[in-house]
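# Working through the structure, step by step
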Amino acid sequence: MLRIHGIARSRAFRCIWAAEEAGQAYEVVPVGFGPGLKEAVAAVNPNGKIPALQDGALLLFESLAINLHIGAKAGAPLMPAGDDGSRVLQWTLWAATEAEPQAMQWAYNTFILPAEQRDPAKAAAGAAALAQRLAVLEAHLAAGGPWLLGAAFTMADCNLAGVLYGAWANGFDLAPFPKVKAWLDAALNRPAARAARKQREG
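Residues numbered from 1 in each chain as written. Predicted model: local features only at pLDDT ≥ 70, side-chain atom pairs only at ≥ 80, totals over all residues. Heavy atoms only, no water.

## A closer look at the overall build of the protein
Inclusion rule: A helix here means a DSSP run of H or I that spans at least four residues, while a strand means a run of E at least two residues long, and both kinds are numbered starting from the N terminus. As defined in this context, the radius of gyration uses C-alpha atoms, and a globule is described by 2.2 Å times the residue total to the power 0.38. Contacts were defined at the residue level, with two residues in contact if any of their heavy atoms lie within 4.5 Å. All accessible-area figures derive from a Shrake-Rupley calculation using a 1.4 Å probe, and residue coverage is judged against the displayed protein chains alone.
Across its full length, the protein carries eight helices and four strands. The helix and strand sequence of the protein, counted from the amino end, reads β-α-β-α-β-β-α-α-α-α-α-α. A globule of 202 residues ought to have a C-alpha radius of gyration of about 17 Å, and the protein, at 17 Å, matches this closely. With the C-alpha coordinates of the protein rotated into their principal frame, the extents come out at 45 × 45 × 30 Å. The contacts in the protein between residues at least 6 apart in sequence include a share of 63% that link residues at least 24 apart. Approximately 9,500 Å² of the protein is accessible, and the part contributed by carbon and sulfur atoms is 56%.

Okay, structure coming up:
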């Protein structure tokens, strides 16, 4: 039994989705934001953040690393071996380094922060930077697809679509990127994604 510490309205959403895709039994240990978070998760994540994973004696933090572990337990096609396994790692790291910082800058200044704390200039800069990354993704999907590695859905899709969920769900302009939009629509409407979204969206 996987124990996912966090709540679905956090990055734990990605891990819940991954567990659903992998067909792994899991339990969500509900730890939310706010006072007491660091103390509540200190035993499983010394960074004092969510999510964290307990899998037997193994403790893991960082949502995308957790997902790679869950994928490895399931094996192919979710987590392929060889060159395709390396491509899963590539797109996972791209999600963390290229997509997420820009998406979060836009998100914080569009819908996460209270209205009086939002900076429209930062929102616009984040949107422009994210659009540059989505152009790369658009070209990649246009050359192959329908999934990041071709015909099969893998943990690369789960990880990157999980990172882009907030933009997809909160009105980021995807019109210039029809391949990206179609890919996100397909990924986030998979049965496993819908199960995770139900926990997040209510």
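Once you've had a look at it, read on.
## Some points on the nonpolar core
We count it as follows: Nonpolar cores are built from buried Ala, Val, Leu, Ile, Met, Phe, Trp, Tyr and Cys residues. Side-chain atoms within 4.5 Å join them into one set. When a residue's accessible area, from a 1.4 Å probe over protein chains only, is under 20% of the maximum for its type it is buried; when over 50% it is exposed; and in between it is partly exposed.
Of all hydrophobic cores here, the largest spans 54 residues; its most connected members are Trp17, Leu137, Leu160 and Trp183. Elements with a contribution of two residues or more to this core: strand E1 (2–6), helix H1 (12–22), helix H3 (63–74), helix H4 (82–112), helix H5 (120–143), helix H6 (155–169), helix H7 (178–188) and helix H8 (191–201). Sort the elements by how many residues they give to this core and H6 lands first, with nine residues. Each residue touching Leu160, except ones within four places of it in the same chain, is listed here: Trp91, Trp94, Ala95, Ala99, Leu137, Leu148 and Trp183. Formed by seven residues, the second largest nonpolar core is a distinct cluster that contains Val29, Val31, Leu37 and Val44.

## Looking at the sheet that holds strand E2 (residues 26–30)
Worth spelling out the cut-off: Strands are treated as partners if at least two bridges between them are detected by DSSP. Every axis corresponds to a line fitted to the C-alpha atoms, with the helix fit spanning only the stretch in contact, and the corresponding angles, defined between N-to-C directions, vary from 0 to 180 degrees.
One open sheet holds the four strands; their spatial order is E2-E1-E3-E4, and the pairing between them is mixed. The outermost strands of the open sheet, each flanked by one partner alone, are E2 and strand E4 (58–61). The average undirected angle you get between the axes of adjacent strands in this sheet is 20°. Direction of pairing for E1 relative to strand E3 (residues 52–55): antiparallel, over a ladder of three bridges. Counterpart to Ile4 in the pairing with E3 is Leu53. Packed onto the sheet, H3 meets E1, E3 and E4 and runs at close to 135° relative to E4.

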